[in-house]
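Breakdown of the fold
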Amino acid sequence: QVQLTESGGGLVQAGGSLRLSCAASGRSFSNDAMGWFRQAPGKEREFVASISWRSGTTYYADSVKGRFTISRDNAKNTVDLQMTSLAPEDTAVYYCAGSKTTPWATSQREQYAYWGQGTQVTVSS
């Protein structure tokens with residue numbers, strides 16, 4: 001079983017940047033696709049970004065394309081999300097997730113079997 005722990009969230013002004021990190025423990029996730037999702041108050045959890053098992057493929061939601069970058073370090077068992085040009089609509093709890101069913105980047109929430117507890121990102125205008 002893999003446990004995921006997110007960090008790096010916080011309060012930032014619009015236009016600013018944050019880097020989220022997700023650390024895995026329990027077993028290696030090197031064969032799993034990894035992703036980031038977010039959930040704003042009163043809204044459904046939505047896909048943000050995903051990365052394939054060897055970092056060869058990344059996939060982004062249209063709303064973050066060009067502003068967010070997902071990366072992973074399988075040796076360190078970490079996956080990061082670099083967020084730039086943040087806007088108030090990016091305010092949400094951000095969750096790291098891993099898939100045991102596919103090694104390929106995917107936006108399909110049902111493909112992700114294990115999740116972190118989330119980290120709050122708040123962007124002020």
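Structure first, text after, so check above.
Residues numbered from 1 in each chain as written. Predicted model: local features only at pLDDT ≥ 70, side-chain atom pairs only at ≥ 80, totals over all residues. Heavy atoms only, no water.

Section: the side chain of Arg67
Structurally, Arg67 is set in the loop between β6 (58-60) and β7 (68-73). When its relative accessible area of 17% is taken as the criterion, Arg67 is described as buried. Among the polar contacts listed, one links the side chain of Arg67 to the backbone oxygen of Ser85, at a separation of 3.0 Å. Those residues within four positions of Arg67 in sequence are excluded, and the remaining contacts are Gln82, Met83, Thr84, Ser85, Leu86, Ala87 and Asp90. (Helix = DSSP H or I, 4+ residues; strand = E, 2+ residues; numbered from the N terminus. Buried < 20%, exposed > 50% of the residue type's maximum accessible area, 1.4 Å probe, protein only. Polar contact = N/O pair within 3.5 Å; in protein donor to acceptor, adjacent residues only side chain to side chain. Contact = heavy atoms within 4.5 Å.)

Observations regarding the side chain of Asp32
Mapping Asp32 onto the fold places it in the loop between β3 (18-25) and β4 (34-39). Side chain to side chain, Asp32 and Arg27 meet in a polar contact 3.0 Å long. For Asp32, the side chain forms a polar contact with the side chain of Tyr114, separated by 2.5 Å.

Thoughts on the pattern of salt bridges
All told, the structure shown has 6 salt bridges when counted by the stated rule. Linking Arg19 and Asp80 is a salt bridge whose minimum nitrogen-to-oxygen distance equals 3.2 Å. Here Arg19 is found in strand β3, whereas its partner Asp80 is found in strand β8 (residues 78-83), with 61 residues between them in sequence. Relative accessible area serves as the criterion here: at 43%, Arg19 is assigned to the partly exposed category. Ionic pairing is found between Arg27 and Asp32, a salt bridge with its closest N-O pair at 3.0 Å. (Salt bridge = Lys/Arg side-chain N within 4 Å of Asp/Glu carboxyl O.)

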